[in-house]
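Coordinates in review
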Amino acid sequence: MAGLWLLRHGALPPNPERRFVGARDIALTDAGREQIRRAARALLADCRTEGGLPTLVTSATGQGGHAEGAIAGAPEKGAPAEGNIGRSGPCLPQHIICSDLGRCRESARLVQEVFQARGHAIDIVPDAGLREISLGLWEGLTVAEVEARWPGGHAARGADMAGFAPPQGESFAAVQARAVACVARWQARYPGDCLLLVSHAGVLRTLLCHWLALPLAAVMRIPQHYACRVWLPGQEFWEEGPR
């Protein structure tokens with residue numbers, strides 16, 4: 001795999017009570033749709049930059065790997081260049097692999113429309129391996145409601161972010177395993193191509209923990225704003241397998 005872009009879906013409706021979302025299928029807002037369009041245009045701008053990474057980037061370094069996330073809204077430059085820009089520079093995606101939930105399917109379609117308007121055809125394949133973490137019976141509840149029904153449950157999750165699973169839900173360890181397996185599956189199918197994954201904050205955080213060789217205890221410390229994007233040079237990491 002030449003490289004991998006990670007893109008979180010756009011904004012959802014306000015959630016002032018901070019109810020657990022999880023794998024509930026919630027639609028994008030109009031603002032979220034525009035966020036994705038801007039992110040798609042900026043991603044194309046990143047891939048046009050000659051000589052490697054774009055000027056506006058933020059970098060995080062871990063054990064044996066690095067993630068390079070371009071700041072949303074980077075200026076557009078020149079005409080799109082097909083294929084790679086150097087060994088570790090951002091490359092233009094040939095395929096979009098998205099979560100099968102509606103907010104990611106729509107985000108993927110919006111990216112596809114922006115790309116096609118700029119003369120770059122790209123296909124979309126939904127994959128449940130990129131679906132957001134299931135919080136089971138906690139979904140739709142507030143922290144106070146969870147505590148009332150399962151006393152001590154919320155604190156127990158905070159103490160074991162990797163292994164704790166809410167009733168009928170998933171742990172972050174389980175999510176990371178299926179997300180990494182998903183990437184490996186598509187890497188095997190498109191070994192020489194650049195991919196764009198459109199997914200959710202929880203899933204993308206687990207992939208970045210894997211990339212940075214961070215324990216899942218740190219999963220919630222990794223920023224994942226709506227429509228943020230991150231570039232990962234593919235072969236340097238994914239061929240090594242989990243660390």
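Summarised in this report is the structure supplied together with it. Note that this is a predicted model, so its numbers are computed, not measured. (Residues numbered from 1 in each chain as written. Predicted model: local features only at pLDDT ≥ 70, side-chain atom pairs only at ≥ 80, totals over all residues. Heavy atoms only, no water.)

Across the six residues of strand 6 (residues 194-199), six count as buried, placing the element largely inside the fold. Here strand 6 shows a buried face lined by Cys194, Leu196 and Val198 and a second buried face lined by Leu195, Leu197 and Ser199. Where strand 1 (residues 3-8) meets strand 6, six bridges bridge the pair, whose relative direction is parallel. Looking across to strand 6, one finds that tryptophan 5 is bridged to leucine 196. Relative to strand 6, strand 4 (residues 95-98) runs parallel, the two sharing four bridges. (Buried < 20%, exposed > 50% of the residue type's maximum accessible area, 1.4 Å probe, protein only. Helix = DSSP H or I, 4+ residues; strand = E, 2+ residues; numbered from the N terminus. Pairing = 2+ DSSP bridges.)

Moving on to the pattern of salt bridges. Here the structure, examined in full by the defined rule, presents 10 salt bridges. Between glutamate 34 and arginine 41 there is a salt bridge; the shortest N-O distance is 3.3 Å. Owing to a relative accessible area of 28%, glutamate 34 belongs among the partly exposed residues under this scheme. One salt bridge connects arginine 178 with glutamate 170, and the closest N-O pair in it is separated by 2.9 Å. The network of salt bridges with common partners includes Glu17, Arg19 and Glu145. (Salt bridge = Lys/Arg side-chain N within 4 Å of Asp/Glu carboxyl O.)

Moving on to the side chain of arginine 157. Within the fold, arginine 157 resides in helix 4 (residues 153-159). Buried charged residue arginine 157 carries no salt bridge. Nearest counter-charge: glutamate 132, at 8.0 Å. When sequence neighbours within four positions are dropped, the list of residues in contact with arginine 157 reads Phe20, Ile133, Leu135, Trp138, Phe164 and Phe172. (Lys, Arg positive; Asp, Glu negative; His and termini not counted. Contact = heavy atoms within 4.5 Å.)

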